[in-house]
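# Structure at a glance
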Amino acid sequence: MSEPSAAVKVKRVVAGILVRGDEILCCQRSHNDPMSLKWEFPGGKIEPNETAEAALARELVEELNLAAEIGPLVETIRHSYTAGVIIELYFFRIDRWQGEPENRVFADIRWVPRIEMPKLDFLEADLGLVKEIAEGKRL
Ligand SMILES: Nc1nc2c([nH]c(=O)n2[C@@H]2O[C@H](COP(=O)(O)OP(=O)(O)OP(=O)(O)O)[C@@H](O)[C@H]2O)c(=O)[nH]1
């Protein structure tokens, strides 16, 4: 008999925390996305043979038309929304980019003061990190 873990699929996802002074860029998932209208950090799935940094740089262009310098890894979180699928999330800090973020795919994007972030309806996996950022324990 196979181990239960053999049936679990791991999806690797990158997310970027863009920092502008006291504000963080928060993005609202579009009406068409699963978990629509929840808030998140921009990013997406890592493709096969892609590094986490390259995946995030690619996603930031696709989602925000932004050429960004990927900063340090801030946090790794494993979370399951669906039985049998674990999402492994890598959050990177981003301080440098060219131009202004342009909303290409989201319902909304907003620069939010850290302390205000818990008022947004963030994805479940992000909640602990969002709380720590708001409390000044992170970033
Ligand atoms: N970009 C991003 N994704 C997050 C965050 N937190 C979090 O749980 N996720 C989850 O990580 C996954 C990101 O994948 P994605 O945005 O490419 O969307 P997806 O899996 O639906 O893509 P697919 O339709 O190609 O399968 C989603 O399940 C999303 O809910 C976050 O802060 N940023």
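Per chain, residue numbering runs from 1 following the sequence as it is written. In view of the model being predicted, local features appear only for residues whose pLDDT reaches at least 70, and side-chain atom pairs are presented and counted only at 80 or more, with totals across whole chains, interfaces and linings using the full set of residues. Neither water nor hydrogens contribute to the side-chain values; these are computed over all heavy atoms in the structure.

Let us now look at helix α1 (residues 52-64). Here a strand is any run of E in DSSP of at least two residues, a helix any run of H or I of at least four, and the numbering for each starts at the N terminus. Helix span, expected: 1.5 Å multiplied by one less than the number of residues in the helix. Given a rise of 1.5 Å per residue, 13 residues ought to cover 18 Å, and the 18 Å separating the end C-alpha atoms of α1 matches this to within 8%. Along α1, the positions that sit buried rather than exposed are Ala 52, Ala 55, Leu 56, Glu 59, Leu 60, Glu 63 and Leu 64. Angularly, the buried residues of α1 cover 135 degrees about the axis, an arc narrow enough to put them on a single face. Tucked into the core, α1 has its buried residues touching β1 (9-20), β2 (23-28), β4 (43-45), β5 (67-69), β7 (85-94) and β9 (108-113). Only protein chains enter the accessibility calculation, which uses a 1.4 Å probe. A residue is then buried if its area is under 20% of the maximum for its type, exposed if over 50%, and partly exposed in between. Here the arc refers to the directions that run from the helix axis out to each C-beta atom. Note on contacts: a residue pair is in contact if any heavy atoms of the two residues lie within 4.5 Å.

Another aspect to go through is helix α2 (residues 127-134). Residues Leu 129, Val 130, Ile 133 and Ala 134 constitute the buried set of α2. With its buried residues spanning 135 degrees around the axis, α2 presents them on a single face. Considering only its buried residues, α2 is in contact with β1, β2, β6 (73-82) and β7. One or two steps after α2, the chain reaches Gly 136, where phi turns positive at roughly 75 degrees.

Pairing of β6 with β7, which is carried by seven bridges, proceeds in the antiparallel orientation. Considered in β7, the bridge of Thr 76 is made with Tyr 90. We call two strands paired when DSSP finds no fewer than two bridges between them.

Near, as used in this document, describes a residue that has one of its heavy atoms within 4 Å of the molecule or strand being considered. Contacts to the ligand come from 18 residues, most closely from Lys 11, Phe 41, Lys 45, Tyr 81 and Asp 126. The contact in question runs from an oxygen atom of the ligand to an N or O atom on the side chain of Lys 11, over 2.8 Å. The separation between a nitrogen atom of the ligand and a polar main-chain atom of Phe 41 is 2.6 Å. Protein chains bury 77% of the 630 Å² of accessible surface belonging to the ligand in isolation. A 1.4 Å probe that fits but cannot get out identifies a cavity on a 1 Å grid over protein atoms alone, an open set with protein on both sides within 12 Å along at least five of seven lines counts as a pocket, and a residue lines either if it has an atom within 4 Å of a point. Should more than half of a molecule's atoms lie within 2 Å of a pocket's or cavity's grid points, that molecule is taken to sit in it. Here the ligand is seated within the largest pocket. Going through the elements one at a time, β1, β4 and β7 are the ones with two or more residues in the shell around the ligand. Any residue outside Ala, Val, Leu, Ile, Met, Phe, Trp, Tyr, Cys, Pro, Asp, Glu, Lys and Arg is labelled polar, Gly included; the first ten of those are nonpolar and the last four are charged. Looking at the shell around the ligand, its residues break down into 11 nonpolar, two polar and five charged. Polar contacts, as counted here, are pairs of nitrogen or oxygen atoms within 3.5 Å of one another; within protein the pair requires one atom able to donate a hydrogen and one able to accept it, and residues that are adjacent in sequence qualify only if both atoms are side-chain atoms. To be clear on the numbers: accessible area is Shrake-Rupley with a 1.4 Å probe, and residue cover counts the displayed protein chains and nothing else.

All right, on to the nonpolar core then. In terms of nonpolar packing, the biggest core is built from 20 residues, with Ile 17, Phe 41, Phe 91, Met 117 and Phe 122 touching the most fellow members. When contributions to this core are tallied by element, the ones reaching two or more residues are β1, β2, β7 and α2. Considering every element that reaches this core, the biggest residue donor is β1, with four residues. Beyond its immediate sequence surroundings of up to four residues, Phe 122 is in contact with Cys 26, Lys 38, Trp 39, Glu 40, Phe 41, Met 117, Leu 127 and Val 130. Membership of the second largest hydrophobic core comes to 18 residues, among which are Val 14, Leu 18, Leu 56 and Ile 109. Only buried residues count toward a nonpolar core, which is a set of Ala, Val, Leu, Ile, Met, Phe, Trp, Tyr and Cys residues joined through side-chain atoms within 4.5 Å.

Let us look at the pattern of salt bridges. Here, a salt bridge means any side-chain nitrogen of Lys or Arg that lies within 4 Å of a carboxyl oxygen of Asp or Glu. Here the structure, examined in full by the defined rule, presents 17 salt bridges. The shortest N-O distance in the salt bridge between Arg 110 and Asp 108 comes to 3.1 Å. A relative accessible area of 24% places Asp 108 in the partly exposed class. The network of salt bridges with common partners includes Glu 50, Arg 58, Glu 59 and Glu 62.

According to UniProt, the positions carrying the feature "domain: Nudix hydrolase" (unreviewed entry) are residues 9-135. Measuring from the first to the last C-alpha atom of residues 9-135 gives 33 Å, for a span that is 17% helix and 43% strand. UniProt positions are given in the numbering used here, feature names are shortened, and annotations may be inferred rather than shown by experiment.

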